[in-house]
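What follows is the residue order along each chain.
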Amino acid sequence: MSAEQGDSDFLSGHQEYQQVFEELVVVRDRLVSEVVCSQPLLDQIHVQHRESARNLLYYLALRRRDLRPLQIRLAALGLSSLGRAESHVMATIDAVLEMLQRLLAKTTDVTDSTESLIDFNTGERLLAAHAESLLGPAAPGRGVRIMVTMPSEAANDYELIYHLLQQDMECMRINCAHDDVEAWSRMIAHLRRAEHALGKRCRVVMDLGGPKLRTGPLEPGAAVVKVRPRRDEYGRVIAPARIWLYPAEQPATSPAPRMPVCRSSCPG
């Protein structure tokens, strides 16, 4: 490699570092700005959970953006693509920025404006503690919980819930957008009975129904015509799907009489 080629590669790499650095600084500044606007809401949260709530707001603000182009460039540089930052969002961003600053020999610290109170270790610890508090302890050797959403039939089917608990259901989810209070109460009663019979415990999570958009009757319109190729019993295509289209005001026969014909109106 010539000296000129080496200098060119160095400048190209330096420019890429600089561009990625500037993009990430913009992302960070916008996250901080959005969370600052939510400070009155954060002030209403118990001090024990306030920093976790702040981290959640950072996470929601981060995920509202399409970061894929930036993530690809970060990964190409051997840096974190921010993909596993849910429990320590700002700490992850600051760690990447710090590495870019070192590569660029920058002395100004752009992360001073916000204190990253939740670092990597603290974030992971809080995430595990909150998950256990909400969903119960995980089974040995397994980091996830088995959550099962109850169908409407569960209100009148004790055996269904008994067998689900027998197969290690750890969290019963009741979707409050369906059924009613009486049905939910019967589901929970069946669960408590099954717990007593099996000597197991299971959490209940009730997912509150939110607002729903409903439309009125729709005027009849043009039907959708589905055209599919012929397939054998294994799903393999054995004959193509062919159609012959013509304008309604100018009927015409298909050029191949044996071709399956689909007469349809079209603009012409």
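It should be noted that the structure appears before, not after, this text.
Attention here is on the structure that accompanies the text. (Residues numbered from 1 in each chain as written. Predicted model: local features only at pLDDT ≥ 70, side-chain atom pairs only at ≥ 80, totals over all residues. Heavy atoms only, no water.)

**Points about the side chain of H190**
- As for its placement among the helices and strands, H190 is situated in helix α8 (residues 181-198).
- With relative accessibility at 16%, the residue H190 sits in the buried group.
- Residue contacts for H190: discarding those within four places in its chain leaves A154, A155, N156, D157, Y158 and I161. (Helix = DSSP H or I, 4+ residues; strand = E, 2+ residues; numbered from the N terminus. Buried < 20%, exposed > 50% of the residue type's maximum accessible area, 1.4 Å probe, protein only. Contact = heavy atoms within 4.5 Å.)

**Description of unusual backbone geometry**
- With a phi close to 65°, L82 is a non-glycine residue in the positive phi region.
- With respect to the helices, strands and loops of the structure, L82 is situated in the loop between α4 (68-76) and α5 (89-103).
- A residue is classified by how much of its surface remains accessible, and L82, at 2% relative accessible area, is buried.
- Even without a glycine there, the phi angle at D168 is positive, about 80°.

**So, the pairing of strand β3 (residues 203-207)**
- With five bridges connecting them, strand β2 (residues 171-175) and β3 associate as parallel partners. Considered in β3, the bridge of I174 is made with M206. (Pairing = 2+ DSSP bridges.)

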